[in-house]
Amino acid sequence: MTLLATLLAAPSIVNRQSSIVNSSVPLEHAMALAAILFALGLAGVMVRRNLVFVLLSIEIMLNAGAVAFIAAAARWRQADGQVMFLFILATAAAEAAVGLALVLAFQRRKHTLDVDEASEMKG
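Just so it is clear, the model here is predicted, and its values are computed rather than measured.

Parameters at a glance
- Residues numbered from 1 in each chain as written.
- Predicted model: local features only at pLDDT ≥ 70, side-chain atom pairs only at ≥ 80, totals over all residues.
- Heavy atoms only, no water.
- Helix = DSSP H or I, 4+ residues; strand = E, 2+ residues; numbered from the N terminus.
- Buried < 20%, exposed > 50% of the residue type's maximum accessible area, 1.4 Å probe, protein only.
- Contact = heavy atoms within 4.5 Å.
- Areas by Shrake-Rupley, 256 points an atom, 1.4 Å probe, with all protein chains shown as cover.
- Axes fitted to C-alpha atoms, helices over the stretch in contact; angles between N-to-C directions.
- Parallel < 35°, antiparallel > 145°, perpendicular 65-115°, else oblique.
- Nonpolar A, V, L, I, M, F, W, Y, C, P; charged D, E, K, R; others polar.
- pLDDT = per-residue confidence, 0-100.
- Lys, Arg positive; Asp, Glu negative; His and termini not counted.
- Salt bridge = Lys/Arg side-chain N within 4 Å of Asp/Glu carboxyl O.

1. Details of the overall build of the protein
Thinking step 1. Of regular secondary structure, the protein possesses five helices and zero strands.
Thinking step 2. Looking at the protein as a whole, 20% of its 123 residues are labelled buried.
Thinking step 3. A fraction of 53% describes how many contacts in the protein between residues 6 or more apart in sequence connect residues 24 or more apart.
Thinking step 4. Summed over all atoms, the accessible surface of the protein reaches about 9,100 Å², with 70% contributed by carbon and sulfur.

2. Considering the packing of helix α4 (residues 51–76) against helix α5 (residues 80–110)
Thinking step 1. Between α4 and α5, the least distance of the axes is 9 Å, while the angle of their chain directions is 175°. Relative to α5, the element α4 lies roughly antiparallel. Taken together, the residues of α5 that come into contact with α4 (itself represented by Leu51, Val52, Leu55, Ile58, Glu59, Leu62, Gly65, Ala66, Phe69, Ile70 and Ala73) are Gly81, Gln82, Met84, Phe85, Ile88, Ala92, Glu95, Ala96, Gly99, Leu100, Val103 and Phe106.
Thinking step 2. A class-by-class count of the residues in the contact of α4 with α5 yields 17 nonpolar, four polar and two charged.

3. A few points about the confidence of the model for the protein
Low pLDDT marks stretches whose predicted atomic positions should not be read closely.
Thinking step 1. The predicted model of the protein averages 84 in pLDDT, with 79% of residues at 70 or higher.
Thinking step 2. Mean pLDDT values for the elements of the protein range from 47 in helix α2 (residues 13–22) up to 96 in helix α3 (residues 27–47).

4. Focus on the side chain of glutamate 95
Thinking step 1. Relative to the elements of secondary structure, glutamate 95 occurs in helix α5.
Thinking step 2. Here glutamate 95 occupies a buried position and makes no salt bridge, while the nearest side chain of opposite charge, arginine 48, is found at 15 Å.
Thinking step 3. Non-local contacts of glutamate 95, meaning those with residues more than four positions away in its chain, are made with Leu55, Ile58, Glu59 and Leu62.

Structure below.
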């Protein structure tokens with residue numbers, strides 16, 4: 001069989017690519033990933049005493065919410081989840097900027113990043 005006959009007998013490349021695009025991660029798997037990420041972030045907030053790690057854990061929790069929105073949007077083929085992802089991304093960027101500014105101010109004032117020392121800050 002010649003190469004041309006093989007290509008004509010095989011399904012077209014477009015059909016293969018469209019079947020790849022249509023196959024997606026099941027919603028249950030994406031939600032399980034989001035739940036695991038959120039649990040890891042929550043554990044980081046509860047266990048860690050370093051302010052930088054607490055902020056990092058909050059970022060992980062925000063990313064878990066973003067994964068859940070994207071998975072739901074892909075499942076129901078709506079753009080709402082992607083719009084919410086953009087809001088979460090903007091919130092995370094603002095939180096990182098303000099949070100790091102607070103970390104620098106806290107470090108300069110207390111010379112430590114221990115969260116327990118923050119309870120003594122009253123202004």
